[in-house]
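As a plain string of letters, each chain reads:
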Amino acid sequence: MSEKQNTFITVKDYSVSGEDFQLIHSAEFDYLETTPKPSVEALPGYYKSEDYISHTNSKRNILEKVYHQVREISLKKKLKLIESFQSENKTLLDIGCGTGAFLKVAKNNDWSVSGVEPDEDARAIANSITENAVYNTEKLSEFKNQSFDVITLWHVLEHLPNLEAEVVLFKRLLKPGGTLIIAVPNYKSYDAGYYKNFWAAYDVPRHLWHFSQTAIKRLFQKESMKVVKTLPMIFDAFYVSLLSEKYKNKKMNPFRAFFVGLRSNLKAKRTGEYSSLIYIIKNS
């Protein structure tokens, strides 16, 4: 099949470079792959933007204020979620932990926490609130087998260059019966279809992969890991729509973004295709 037949959509990098990227559909997994992928050396340059909110604690504009307000609500829900999977030791690894807010909350609730964050500035902030529990990505290869009860990736899986190798790594690090929690955007949501190439959650080329529910199930089945539950991220439809309006119309339109986000969530009540989904995945 030719590349043209495989191309699902062409999307622009609105945050940094202005370059165009093709999203190629995988028939095997049902995910979309960003093409061309930046080299490992070039990729960090695409994160060099003051608008990359997860690497800062600033609240300079409406987007950042909304992001941090939603984050505070989400932190409580994330803690409640991992508490439902706790074991006697309560060991947690948060991959791509950003500035460490979730790790701090977990640590304050008696979890033994470790984090991994490639961004140096974000890692410094995280270490200042977690007693130096956050490491660079090289640390992942140094953790012992079956070290963690729970591993979390909150909007991180889509950023990882070596996808299948990472799944093998998660399998190695999880204890038998351990839980992997992954949150990712869903390219089959209503808001993705509405905004098309302006959908902010494509976020090329920082997002190298774009997942459907089928894609997540197939990807982890290869390592005998099973999706046991999916949960909606209700706020994502509103936040992503707000940013998508900015890309599409060169300005924010909170009223239209709210309407699109609301409609997306209402439709998802019937279809299950929310803007973003949390996957609860059990290790065998």
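Below: a short report on this structure. (Residues numbered from 1 in each chain as written. Predicted model: local features only at pLDDT ≥ 70, side-chain atom pairs only at ≥ 80, totals over all residues. Heavy atoms only, no water.)

**As for the overall build of the protein**
From N to C terminus, the protein includes nine helices and eleven strands. Expressed as lengths along the three principal axes of its C-alpha atoms, the size of the protein is roughly 50 × 45 × 40 Å. A buried classification covers 50% of the 284 residues belonging to the protein. At a minimum sequence separation of 6, the contacts of the protein that also span at least 24 residues come to 70%. A total of about 13800 Å² of accessible surface is found on the protein, and carbon and sulfur atoms cover 52% of it. Charged side chains in the protein number 39 positive and 33 negative. The centres of these two groups are separated by 8 Å. (Helix = DSSP H or I, 4+ residues; strand = E, 2+ residues; numbered from the N terminus. Buried < 20%, exposed > 50% of the residue type's maximum accessible area, 1.4 Å probe, protein only. Contact = heavy atoms within 4.5 Å. Areas by Shrake-Rupley, 256 points an atom, 1.4 Å probe, with all protein chains shown as cover. Lys, Arg positive; Asp, Glu negative; His and termini not counted. Charge placed at Lys NZ, Arg CZ, Asp CG, Glu CD.)

**Section: the pattern of salt bridges**
Within this structure, the stated rule accounts for eleven salt bridges. Of the charged contacts, one joins E142 and K139 as a salt bridge, the two residues approaching to 3.8 Å between their closest N and O atoms. Judged by its relative accessible area of 54%, E142 is exposed. Overall, the relative accessible area of 23% leaves K139 in the partly exposed class. In this structure, the salt-bridge partner of K175 is D149, at a minimum N-O distance of 3.3 Å. Taken together, the residues K175 in strand β8 (residues 174-185) and D149 in strand β7 (residues 148-154) connect sequence positions 26 residues apart. According to the relative accessible area criterion, D149 is buried, its value standing at 8%. (Salt bridge = Lys/Arg side-chain N within 4 Å of Asp/Glu carboxyl O.)

**Structural notes on the sheet that holds strand β9 (residues 209-210)**
Backbone-to-backbone hydrogen bonds join strands into a sheet, with any given pair of strands oriented parallel or antiparallel. A sheet is described by the order of its strands in space; here four strands give the open sequence β1-β2-β3-β9, paired in antiparallel fashion. In this open sheet, the two edge strands, each paired with only one partner strand, are β1 (7-12) and β9. Here strand β2 (residues 20-25) pairs with strand β3 (residues 32-35) via four bridges, running antiparallel. Looking at the pairing, H25 lines up with L32 of β3. (Pairing = 2+ DSSP bridges.)

**Notes on the nonpolar core**
Residues L157, L180, F211 and F220 are the most contacted members of the largest nonpolar core, which totals 38 residues. Looking at which element gives the most residues to this core, the answer is helix α5 (residues 163-173), with five residues. Beyond its immediate stretch of four places on either side in the chain, L180 contacts I151, L153, F170, L174, F220, M225, Y279, I280 and I281. Residues I82, V113, A126 and I278 belong to the second largest nonpolar core, which totals 22 residues. (Core = buried A, V, L, I, M, F, W, Y, C linked by side-chain atoms within 4.5 Å.)

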